[in-house]
Amino acid sequence: MDKSTLFEEVQYLGFNKSSFIVRTILALFCFSFYYWSDYKGLNVGSGNLFFIIGISIIAISLILIYVKHFKTSLRNGSVLLERLWTTRTVKIELSSIKSVTKEKYSRFLFNKSVFNLHSKGAIRFYTRGNDCAKLTDKDGLIYYIGSQRANELVQLIEKQLKTTNNN
């Protein structure tokens, strides 16, 4: 983090609650079918296949813990949202922001990971957490930026908005 960066947060795919639970259920299904086929004395080769698939699912889950979904940073009067590999960086200029508030991201318990999802007049960025920074620009477009440190992000954006409005 350089001196001009006020806020930086990296979110990883492996920590998304809904994806983690789906992978865990699939692995448990594979292991239980492996146990059942071995316990019943069935001479079926698919039991071993399910064991290998269960181990593979766990290995993929461990690898996903280190795969970056996106990085949120606040620098030089803008919010930058950078994604893994080929996706373009989304740059939100603070000069076009009218208001910023901290809100609960969703009323649902499980949410999918999204990046730059345009839905219902809003643009969403989310990997994990319960809270988000809701930015409304002067044209009425709303940005929901999910964050583990939403309080800090909102406070820093408000501080930046005050300094840009005073100038």
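Everything numeric here is computed off the predicted structure, so don't read it as measured data.

When you go through the protein residue by residue, the secondary structure sums to three helices and nine strands. A burial count over the protein gives 38% of its 167 residues as buried. Looking at the protein alone, contacts between residues at least 24 apart form 57% of all its contacts between residues at least 6 apart. Surface accessibility of the protein: about 10,400 Å² in total, with carbon and sulfur atoms responsible for 57%.

Scanning the model with the defined rule gives eight aromatic pairs in all. Ring geometry for Tyr34 against Phe51: centres 4.9 Å apart, planes inclined by 40 degrees, an arrangement best described as tilted. Of this pair, Tyr34 sits in helix H1 (residues 17–39) while Phe51 sits in helix H2 (residues 46–64), and the two are 17 residues apart along the sequence. Tyr34 gets classed as partly exposed once you look at its relative accessible area, which sits at 27%.

This paragraph deals with the environment of Asn48. One can find Asn48 in helix H2. Taking the C-alpha atoms as reference points, Asn48 and Phe33, separated by 15 residues in sequence, lie 9.5 Å from one another.

This part takes up the nonpolar core. Of all hydrophobic cores here, the largest spans 22 residues; its most connected members are Val79, Leu81, Ile92, Phe125, Leu135, Ile145 and Ile157. Counting residues per element, the ones that place at least two in this core are strand E2 (68–75), strand E3 (78–83), strand E4 (90–93), strand E5 (97–104), strand E7 (122–126), strand E8 (131–137), strand E9 (142–147) and helix H3 (150–166). Apart from the residues lying within four places of it in its own chain, the contact partners of Phe125 are Phe70, Leu81, Val90, Tyr105, Val114, Phe115, Asn116, Tyr143, Tyr144, Ile145 and Gly146. Within the second largest apolar cluster, seven residues are counted, among which are Val114, Cys132, Ile142 and Tyr144.

Structurally, Ala122 can be placed in strand E7. By relative accessible area, Ala122 is classed as buried at 6%. Between the alpha carbons of Ala122 and Tyr144 there is a distance of 7.2 Å; along the sequence they are 22 residues apart. Among all residues touching Ala122, those that are not within four sequence positions of it are Leu117, Ile142 and Tyr144.

With that settled, the discussion passes to the sheet that holds E2. Read from one edge of the open sheet, four strands run E1-E2-E3-E4, paired in antiparallel fashion. The sheet terminates laterally at strand E1 (5–12) and E4, the two strands that pair on one side only. Taken pair by pair, the neighbouring strands of this sheet meet at an average axis angle of 10 degrees, ignoring direction. Here E1 pairs with E2 via seven bridges, running antiparallel. When the sheet's bridge partners are listed, Gln11 is paired in E2 with Phe70.

In terms of residue burial, E7 counts as a mostly covered element, since four of its five residues are buried. Two strands pair when backbone bridges link them, and strand E6 (residues 114–119) and E7 are joined in this way by five bridges, in the antiparallel orientation. When the sheet's bridge partners are listed, Phe115 is paired in E7 with Phe125. Hairpin connection from E6 to E7: two residues lie between these consecutive antiparallel strands, with Lys120 at a positive phi of about 55 degrees. Pairing of E7 with E9 involves four bridges; the strand directions are parallel. The residue bridging Ile123 from the neighbouring strand is Tyr143, located in E9.

Conventions used here
Residues numbered from 1 in each chain as written. Predicted model: local features only at pLDDT ≥ 70, side-chain atom pairs only at ≥ 80, totals over all residues. Heavy atoms only, no water. Helix = DSSP H or I, 4+ residues; strand = E, 2+ residues; numbered from the N terminus. Buried < 20%, exposed > 50% of the residue type's maximum accessible area, 1.4 Å probe, protein only. Contact = heavy atoms within 4.5 Å. Areas by Shrake-Rupley, 256 points an atom, 1.4 Å probe, with all protein chains shown as cover. Phe/Tyr/Trp six-rings, centres within 6.5 Å; stacked < 30°, edge-to-face > 60°. Core = buried A, V, L, I, M, F, W, Y, C linked by side-chain atoms within 4.5 Å. Pairing = 2+ DSSP bridges. Axes fitted to C-alpha atoms, helices over the stretch in contact; angles between N-to-C directions.

So yeah, pure geometry; function would need other evidence.
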